[in-house]
Amino acid sequence: MSTLIKSFNVNMDLLKKITIPIIFCSLEPRLIKLIDECKYQKLSLNLELSKTLLKKEIHNRTQFVTDEVMEIVNSKHGPIFLIDYEMLFDPRYQIDVIKLFCELSRKTQIIVKWCGTFEDNHLIFATPDYSDYHSYNINNYQIICVN
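Residues numbered from 1 in each chain as written. Predicted model: local features only at pLDDT ≥ 70, side-chain atom pairs only at ≥ 80, totals over all residues. Heavy atoms only, no water.

Novice: So what exactly am I meant to see when it comes to the overall build of the protein here?
Specialist: Scanning the protein for helices and strands turns up five helices and nine strands. Tracing the protein from N to C terminus, the helices and strands come up as β-α-β-α-β-α-α-β-α-β-β-β-β-β. At 15 Å, the protein has a C-alpha radius of gyration in line with the 15 Å of a compact globule built from 147 residues. Overall, the protein is about 45 × 35 × 25 Å in size when its C-alpha atoms are taken along their principal axes. Expressed as a percentage of the 147 residues in the protein, the buried residues total 41%. As displayed, the protein offers around 8200 Å² of accessible surface, 49% of which is attributable to carbon and sulfur atoms. In the protein, the 17 positive side-chain charges and the 18 negative ones have mean positions that sit 7 Å from each other. (Helix = DSSP H or I, 4+ residues; strand = E, 2+ residues; numbered from the N terminus. Rg over C-alpha atoms; globule rule 2.2 N^0.38 Å. Buried < 20%, exposed > 50% of the residue type's maximum accessible area, 1.4 Å probe, protein only. Areas by Shrake-Rupley, 256 points an atom, 1.4 Å probe, with all protein chains shown as cover. Lys, Arg positive; Asp, Glu negative; His and termini not counted. Charge placed at Lys NZ, Arg CZ, Asp CG, Glu CD.)

What follows is the structure in structure tokens.
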């Protein structure tokens, strides 16, 4: 279901017409320029989500995370360039982060700066030594992965 492409194959047409998330495993200056030219808004999700969750009761926060992320993204106008979203990997939230990106892309165009590594068709966050470790087989998702 996923598509793996090399960074030199990314162009303005792709960025303007996508209907599924594009996950960038690395960002070179040419790609950053293309993203800017396509008017993607940078969204630092950690900051906005943490402000929203602080307004909730501590024992209830985990049940609101996905809804709050959806609300934050939906409140923006235009395509979103998602950065700084590491708190989504918190094991208390039990979120399939890639699936969440796919759900977000149903309402708006989403591109993501991956905050981990890419190996053997897997997007990896952290290492197995950490409780927030996740490994996602890209073939299980309808995404475009740029390596």
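Novice: Would you take a moment to explain the sheet that holds strand 7 (residues 122-125) for this structure?
Specialist: Strand pairing in a sheet is mediated by backbone hydrogen bonds. Such pairs are either parallel or antiparallel. Spatial strand order, 6-7-8: three strands in an open sheet with antiparallel pairing. Unpaired on one side and paired on the other, strand 6 (117-119) and strand 8 (134-137) mark the two borders of the sheet. Averaged over all pairs of adjacent strands, the angle between their axes in this sheet comes to 25°, without regard to strand direction. Here strand 6 runs beside strand 7; their pairing, made up of three bridges, is antiparallel. The residue of strand 7 that forms the bridge with Thr117 is Ile124. (Pairing = 2+ DSSP bridges. Axes fitted to C-alpha atoms, helices over the stretch in contact; angles between N-to-C directions.)

Novice: What exactly am I supposed to notice about the environment of Arg106 here?
Specialist: Structurally, the position occupied by Arg106 is in the loop between helix 5 (97-104) and strand 5 (110-113). Judged by relative accessible area, which is 72%, Arg106 ranks as exposed. As for Arg106 and Thr19, which are separated by 87 residues in sequence, their C-alpha atoms are 7.1 Å apart.

Novice: Sorry if this is basic, but what is going on with the pattern of salt bridges here?
Specialist: Close approach of charged atoms allows side chains with opposite charge to pair. Counted under the stated rule, the structure contains six salt bridges. Across the pair Lys17 and Asp13 runs a salt bridge, and its minimum N-O distance is 3.2 Å. One end of the pair, Lys17, and the other, Asp13, are both in helix 1 (residues 12-17), four residues apart, so they sit about a helical turn from each other. With its nearest N and O atoms 2.4 Å apart, the salt bridge here joins Asp90 to Arg92. The exposed category is assigned to Arg92, whose relative accessible area is 57%. (Salt bridge = Lys/Arg side-chain N within 4 Å of Asp/Glu carboxyl O.)

Novice: Looking at this model, I keep getting lost on the packing of helix 4 (residues 65-74) against helix 5. Mind explaining?
Specialist: For any two helices packed against each other, the geometry comes down to the angle between their axes and how far apart the axes lie. Where helix 4 meets helix 5, the closest approach of the two axes is 11 Å, and the angle between their N-to-C directions is 40°. Classed by the angle they form, the pair helix 4 and helix 5 counts as oblique. In this structure, helix 4 crosses over helix 5, and the sense of that crossing is right-handed. Along the contact surface, helix 4 presents Thr66, Val69, Met70 and Val73, while helix 5 presents Leu100, Glu103 and Leu104. (Parallel < 35°, antiparallel > 145°, perpendicular 65-115°, else oblique. Left-handed = near helix turned anticlockwise from the far one by under 90°. Contact = heavy atoms within 4.5 Å.)

Novice: Which parts of the structure should I look at to understand the sheet that holds strand 2 (residues 22-24)?
Specialist: Taken together, the six strands give an open sheet; going across it, the order is 1-9-2-5-4-3, and neighbouring strands pair in parallel fashion. Pairing within the sheet leaves two strands with one partner each, and these edge strands are strand 1 (3-5) and strand 3 (41-44). Ignoring which end each strand starts from, the neighbouring axes of this sheet average 25° apart. In this sheet, strand 9 (residues 144-146) lies alongside strand 1 in parallel orientation, the contact comprising three bridges. Within the sheet, the bridge partner assigned to Thr3 lies in strand 9 and is Ile144.

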